[in-house]
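# Fold and geometry: a report
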Amino acid sequence: MFDATSAVPPAVPPAAPAGLSRYGWTAELDRLFAPLAEAGLTPGRLARVDRGRADVLVADPETSGVRTIRADTRPIAGAETVENPCTGDWVALDLAAQPLPAVGALLPRTTAIVRKSAGKASEGQVLAANVDTVLIAVSLAVDPDLGRVERFVALAWESGAQPLVALTKADLAPDAEFIREDVERAAPGVTVLVVSAGTGAGLDELRAALGTTTTALIGQSGAGKSTLTNALTGAEVMTVQRTRDADQKGRHTTTTRELFALPGGGVLIDTPGLRGVGLYGGEGLAHAFAEIEELGERCRFQDCSHTTEPGCAVRAALADGTLPQRRMESYLKLQRENAWIASRTDARLAAQRARLWKLRSKGSRDRVRP
Ligand code: GDP
Ligand code: ZN
């Protein structure tokens, strides 16, 4: 707060630019950014990133809105390395950099949505940053794949954000309420809403649930994400193509921007089709299957594998039906996947350590040589 007793006003103009407050700028960011503003850098939020370039939203004092600046994300001389900048990141821009403005620093992330990369290295790929809510779109036009919902929910918990499920295309499903109950059981502690972008049903409730936070929209291709983005932003920001008759899968092309201000005050991040989600870490899994973890604590043996041990609370719950078999299988499957990802990561780290060790020992040999 500005101290009225001191005669001198702060030397640095307030970093909180009116335009950016519509895009999630907070008082905490103001505080974090102060030294960067003093260094002549400009705050901005990444609206899209591709190989070495980013579209950055910065405050436009003339319109009190924002304008988009194309910037270089490669680290500038003397600055800290910018690691994996992604949509949703808050950055410090050097507008004077040549030939392009450059991202000079990344502000600390509050949350990050990470998925295992499709490539051979199982390093996490950051899909979106500083997300408060992960909105999982699930189509009611096809039988919902509860295993997939569980994956998305675990991924959401893993990110540090709050998951929220929207069952879309309610106008196509007369039994939406029953499906909602099934999905709720697969996602304990998560709000599940039924919506239709077509009729507008449930959209007000969804808007209220999103509030003024930053939301990232994920879900299978064809789940209705583009249509929902258009409905929530109140603009044709995404192009939706007609459903191909047989498989109910829509095709769309995205605009370049992946981050939008919502009329109600929130921010929506719509990243291109997130398919085949992998988990990374493990906290998310424990959270998504909290009831199984709780049962596990009641097993006689602390390291119970829930297969043959006596006094197993998990097997007891499976036997009396309180724990559905499907849910247990989903849990074991995701756990195996996680273990596999972890072993890949360990192998990669071990290889890196070996390389480093070789370099070091080569270095010391070089030194002892005359
Ligand atoms: P995305 O791939 O997740 O972005 O899905 P799209 O938004 O492209 O939607 C896929 C298809 O579902 C398109 O043909 C949409 O017109 C259709 N669709 C989306 N929302 C609704 C809805 O609420 N009701 C109906 N009947 N169809 C919808
Ligand atoms: Zn057990």
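Scoring rules and cut-offs
- Residues numbered from 1 in each chain as written.
- Chains lettered and ligands numbered in written order.
- Predicted model: local features only at pLDDT ≥ 70, side-chain atom pairs only at ≥ 80, totals over all residues.
- Heavy atoms only, no water.
- Helix = DSSP H or I, 4+ residues; strand = E, 2+ residues; numbered from the N terminus.
- Buried < 20%, exposed > 50% of the residue type's maximum accessible area, 1.4 Å probe, protein only.
- Areas by Shrake-Rupley, 256 points an atom, 1.4 Å probe, with all protein chains shown as cover.
- Core = buried A, V, L, I, M, F, W, Y, C linked by side-chain atoms within 4.5 Å.
- Contact = heavy atoms within 4.5 Å.
- Donors = N, O, S within 2.8 Å, 3.2 Å for Na, K, Ca; no water.
- Tetrahedral: all angles 85-135°; square planar, octahedral: opposite > 155°, others 65-115°.
- Phe/Tyr/Trp six-rings, centres within 6.5 Å; stacked < 30°, edge-to-face > 60°.
- Expected span 1.5 Å × (residues − 1).
- Arc of directions from axis to C-beta.

So, on to the overall build of the protein. The secondary structure content of the protein amounts to 10 helices and 15 strands. In the protein, buried positions account for 42% of the 370 residues. Surface accessibility of the protein: about 19700 Å² in total, with carbon and sulfur atoms responsible for 53%.

For the rest of this paragraph, the subject is the nonpolar core. Grouped burial of nonpolar side chains is what soluble globular proteins tend to show. Counting 61 residues, the largest nonpolar core has Val-153 and Val-165 as the members making the most contacts within it. Ignoring sequence-local partners within four residues, the contact set of Val-165 consists of Leu-135, Ile-136, Val-138, Val-153, Val-183, Val-190, Thr-191, Val-192 and Leu-193. Val-195, Leu-228, Leu-262 and Leu-268 belong to the second-largest nonpolar core, a separate cluster that totals 15 residues.

With that settled, consider the coordination of the zinc ion (ligand 2). Each angle at a metal carrying four tetrahedral donors should ideally be 109.5 degrees, and each at a metal carrying six octahedral donors should ideally be 90 or 180 degrees. Here the zinc ion (ligand 2) is held by the protein donor atoms Cys-299 (SG), Cys-304 (SG), His-306 (ND1) and Cys-312 (SG), which lie 2.1 to 2.4 Å from it. Seen from the zinc ion (ligand 2), its four donor atoms lie at angles of 103 to 114 degrees, and the figure they make is tetrahedral. Of note, the zinc ion (ligand 2) draws all its donor residues from one chain, in the sequence arrangement C-x4-C-x1-H-x5-C. Take Cys-312: its relative accessible area is 7%, and that puts it in the buried class.

Under the defined criterion, the tally for this structure stands at three aromatic pairs. Geometrically, the ring pair formed by Trp-25 and Phe-33 is edge-to-face, given 5.9 Å between the ring centres and 70 degrees between the ring planes. Looking at Trp-25, the relative accessible area reads 9%, which means it is buried. A relative accessible area of 0% places Phe-33 in the buried class. For the ring pair Phe-289 and Tyr-331, a centre distance of 5.2 Å and an interplane angle of 55 degrees mean the geometry is tilted.

Another aspect to go through is the environment of Val-126. Mapped onto the elements, Val-126 comes out in strand β7 (residues 124-129). Contact partners of Val-126, with chain neighbours within four places excluded, come to Asn-84, Cys-86, Arg-109, Ala-112, Ile-113 and Val-114.

Here helix α2 (residues 27-38) contains 12 residues, and its C-alpha end-to-end distance of 17 Å stays within 8% of the 16 Å for a straight helix at 1.5 Å per residue. Buried within α2 are the following residues: Leu-29, Phe-33 and Ala-37. Viewed along the axis of α2, the buried residues span an arc of 70 degrees, placing them on a single side of the element. Among the exposed residues of α2, those oriented more than 90 degrees off its buried face are Arg-31, Pro-35 and Glu-38. Elements in contact with the buried residues of α2: β1 (42-50) and β4 (90-94). With its phi angle positive at about 90 degrees, Gly-40 sits one or two positions after the end of α2.

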